[in-house]
Amino acid sequence: MASTHRRWVFVRRPEGMPTGAEFRLEEVPTPDPDPGQILVRTRWISVDPYMRGRMRAGPSYAPPWEVGEVPRGGAVGEVVASRRPGFAPGDVVVGTWGWEEMARLDGHGLTRWPWPDLSPTLGLGMLGMPGLTAYFGLFEVGRPRPGDTVVVSAAAGAVGSVVGQLARLAGCRAVGIAGSAEKVAFVRDVLRFDAAVSYQDPQWTAALEAACPDGVDVYFDNVGGSVTEAVMDRLALRARVVVCGQIARYNQEGPAPVTRDWLWQTIAKRIRVEGFLVGDFALRHAEALERLAAWVRSGRLVGRETVVEGFERVPEALLGLFRGTNVGKQLVRVAGS
Ligand SMILES: NC(=O)c1ccc[n+]([C@@H]2O[C@H](COP(=O)([O-])OP(=O)(O)OC[C@H]3O[C@@H](n4cnc5c(N)ncnc54)[C@H](OP(=O)(O)O)[C@@H]3O)[C@@H](O)[C@H]2O)c1
């Protein structure tokens, strides 16, 4: 009997917060690889906030998922059969493919995991897209100077946790904003930011003020909304605002309300506000990964992974990002380790 595997299919676009009913699990025959192809057993799947944008029809920086197709995202897998030169059974690969337990791939965009001493799951986090986002967003867009106060929102998350540590490596003061006391403790005690505050605390803006007595020189914004409003009020002269993500509005339909006209401040304080995409720096990803890997090896860059067990829980893991259930990089373990 031919073997089968499971895959997820995107079946409907959500309105507002997704519920999980946007996806259907189905069982399909596992194909053999054709010449030029490999068969990969998926071990780990990454869920990322940008996927909410792909659930929406219409133009964005990434094409929407079509109803009826298998959603794609970052994954780690093991080659189980190869008819493509350069790949052999047992190879551990990192790349982007569909939410399937077994994936038939042509090898394009796949990387054989280059560091046997480091976990390949890092290729979905600190040594992958989130780490690169932190690196280029902070260093190239934020351009921190020693002594600067760098504030980052979603500080306990995959991108934010790296941003604050890189800021410290650059000689800055790192201040994190996160959504719970547990996350604040992680940011302060494990990631070793200089200070951290929880926006769930009613007094949090006073705590932010106290943590940034000379104002905010670089604000790395992962969330937008009221958190960002509070930071914008505290920007220093010639501050830089790195607009990385706006997760607070990803589940809102229609345009976000303009709650404050802070553009005036950009004149008065000569502030630079700049959005970016990690892909803008694709030609320099390899160089950045070498530096990030060296910091990981030396213990100067640390992180955490939140693991949801089981392929059948991929949508649940994705939804958790919008409730803040993850500390560090959110992963799904599909098989093995
Ligand atoms: N520009 C780029 O190229 C690029 C690349 C990668 C990621 N991003 C963006 O970077 C941001 C962080 O991504 P990530 O992968 O590192 O995710 P993450 O921070 O690991 O997870 C998302 C976190 O966002 C926070 N959050 C969720 N809903 C929120 C809300 N309504 N208000 C405030 N905070 C909320 C939660 O943390 P709390 O519990 O602390 O609230 C949650 O844990 C996202 O906005 C993402 O879209 C941009």
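Quick notes on the rules
Residues numbered from 1 in each chain as written. Predicted model: local features only at pLDDT ≥ 70, side-chain atom pairs only at ≥ 80, totals over all residues. Heavy atoms only, no water. Helix = DSSP H or I, 4+ residues; strand = E, 2+ residues; numbered from the N terminus. Rg over C-alpha atoms; globule rule 2.2 N^0.38 Å. Buried < 20%, exposed > 50% of the residue type's maximum accessible area, 1.4 Å probe, protein only. Contact = heavy atoms within 4.5 Å. Areas by Shrake-Rupley, 256 points an atom, 1.4 Å probe, with all protein chains shown as cover. Lys, Arg positive; Asp, Glu negative; His and termini not counted. Charge placed at Lys NZ, Arg CZ, Asp CG, Glu CD. Polar contact = N/O pair within 3.5 Å; in protein donor to acceptor, adjacent residues only side chain to side chain. Pairing = 2+ DSSP bridges. Right-handed = clockwise from strand over helix to strand, strands pointing away. Near = heavy atom within 4 Å. Nonpolar A, V, L, I, M, F, W, Y, C, P; charged D, E, K, R; others polar. Phe/Tyr/Trp six-rings, centres within 6.5 Å; stacked < 30°, edge-to-face > 60°. Domains from an automatic or database assignment. Buried area = accessible area lost by both parts, 1.4 Å probe. Salt bridge = Lys/Arg side-chain N within 4 Å of Asp/Glu carboxyl O. Axes fitted to C-alpha atoms, helices over the stretch in contact; angles between N-to-C directions. Parallel < 35°, antiparallel > 145°, perpendicular 65-115°, else oblique.

J.: Can you walk me through the overall build of the protein in this structure?
T.: The secondary structure content of the protein amounts to 9 helices and 15 strands. Taking 2.2 N^0.38 as the reference for a compact globule, 337 residues should give roughly 20 Å; the C-alpha atoms of the protein span a radius of gyration of 21 Å, in line with that estimate. Each of the three principal axes of the protein carries a C-alpha extent, and together these read 70 × 45 × 35 Å. Every one of the 337 residues in the protein was classed for burial, and the buried ones make up 53%. Excluding contacts between residues fewer than 6 apart, the proportion of contacts in the protein whose partners are at least 24 apart in sequence is 68%. For the protein, the accessible area works out to roughly 15,200 Å², and carbon and sulfur atoms hold 52% of it. If you average the places of the 39 positive and of the 37 negative side-chain charges in the protein, the two averages end up 3 Å apart.

J.: Just checking my understanding: could you explain the side chain of Arg234 for this structure?
T.: Checked against the element boundaries, Arg234 lands in the loop between α6 (225–232) and β12 (235–243). Relative accessible area serves as the criterion here: at 17%, Arg234 is assigned to the buried category. Polar contacts involving the side chain of Arg234 include one to the side chain of Glu209, which spans 3.0 Å. With residues up to four places along the chain from it excluded, the contact list for Arg234 reads Thr205, Leu208, Glu209, Gly215 and Val216.

J.: Would you mind going over the pairing of β12 with me for this structure?
T.: Look at any regular strand and the pattern is simple: side chains alternate between the two faces of the sheet. Where strand β11 (residues 216–221) meets β12, 5 bridges bridge the pair, whose relative direction is parallel. Across the sheet, Tyr219 pairs through a bridge with Val241, a residue of β12. Viewed along the sheet, the connection from β11 through α6 into β12 turns out right-handed. Sheet analysis places β12 next to strand β13 (residues 272–275), joined by 4 bridges and oriented parallel. Bridge assignment links Val241 to a residue of β13, and that residue is Val273.

J.: I keep staring at the site of the ligand and nothing clicks. Help me out?
T.: Taken together, 27 residues sit near the ligand, with Val159, Lys183, Tyr199, Tyr250 and Asn326 positioned nearest. Lys183 is positioned with one of its side-chain polar atoms (N or O) 2.6 Å from an oxygen atom of the ligand. When the ligand is considered free in solution it has 900 Å² of accessible area, and contact with the protein chains removes 91% of it. At the level of secondary structure, the elements contributing two or more residues to the shell around the ligand comprise α2 (129–142) and α3 (158–169). For the shell around the ligand, a count of residues per class yields 17 nonpolar, 9 polar and 1 charged.

J.: How should I be thinking about the packing of aromatic side chains in this particular structure?
T.: To describe a pair of aromatic rings, you give the distance between the ring centres and the angle between the ring planes. This model, assessed by the stated rule, comprises 10 aromatic pairs. A ring pair is formed by Phe23 and Trp99, whose centres lie 5.2 Å apart and whose planes are at 40°; its orientation type is tilted. Here the residue Phe23 occupies a position in strand β2 (residues 23–29), and Trp99 occupies one in the loop between β5 (92–98) and β6 (102–105), the gap between them amounting to 76 residues. In this pair, the class of Phe23 matches that of Trp99, namely buried. Here the aromatic cluster, defined as three or more aromatic residues joined through ring pairs, consists of Phe10, Phe23, Trp65 and Trp99.

J.: Whenever I open this one, the domain arrangement of the protein confuses me. Can you help?
T.: By a frequent convention, interface size equals the accessible area lost on bringing the separate parts together. Segmentation of the protein into domains returns domain 1 (4–124 + 304–333) and domain 2 (129–280). For domain 1 and domain 2, the distance between their C-alpha centroids amounts to 29 Å. Taken together, the contact between domain 1 and domain 2 spans 21 residues of the former and 15 residues of the latter. Summing both sides of the interface, domain 1 and domain 2 together bury roughly 1,400 Å²; the carbon and sulfur share of this comes to 58%. Among the residues domain 1 hides against domain 2, the three largest losses belong to Arg56, Arg304 and Val327. Together they make up 30% of the total. Across the contact surface, domain 1 and domain 2 share 1 salt bridge. In this structure, Arg52 and Glu253 form a salt bridge, with 3.5 Å as the shortest nitrogen-oxygen distance. Counting across the interface, domain 1 meets domain 2 through 6 residue pairs in polar contact (both at pLDDT 80 or more). Looking at the side of domain 1 that touches domain 2 residue by residue, the classes come out as 10 nonpolar, 5 polar and 6 charged.

J.: So what exactly am I meant to see when it comes to the packing of α2 against helix α8 (residues 285–297) here?
T.: Between α2 and α8, the least distance of the axes is 10 Å, while the angle of their chain directions is 105°. Considering the angle they form, α2 stands roughly perpendicular to α8. Here α2 contributes Gly131, Leu132, Tyr135, Phe136 and Phe139 to the contact with α8, which in turn contributes His285, Ala288, Leu289, Arg291, Leu292 and Trp295.

J.: I keep staring at the sheet that holds strand β10 (residues 195–198) and nothing clicks. Help me out?
T.: Note on sheets: strands pair through backbone hydrogen bonds, and any given pair is parallel or antiparallel. Taken in spatial order, the 6 strands of this open sheet run β10-β9-β8-β11-β12-β13, and their pairing is parallel. Bordering the open sheet on either side are β10 and β13, each of which pairs with just one other strand. Neighbouring strand axes in the sheet, compared pairwise and without regard to direction, differ in orientation by 15° on average. Judged from the 4 bridges that link them, strand β9 (residues 173–178) and β10 form a sheet pairing that is parallel. Among the inter-strand pairings, Val175 is bridged to a residue of β10, identified as Ala195. Docked against the sheet, helix α4 (residues 181–190) engages β9 and β10, running at close to 170° with respect to β10.

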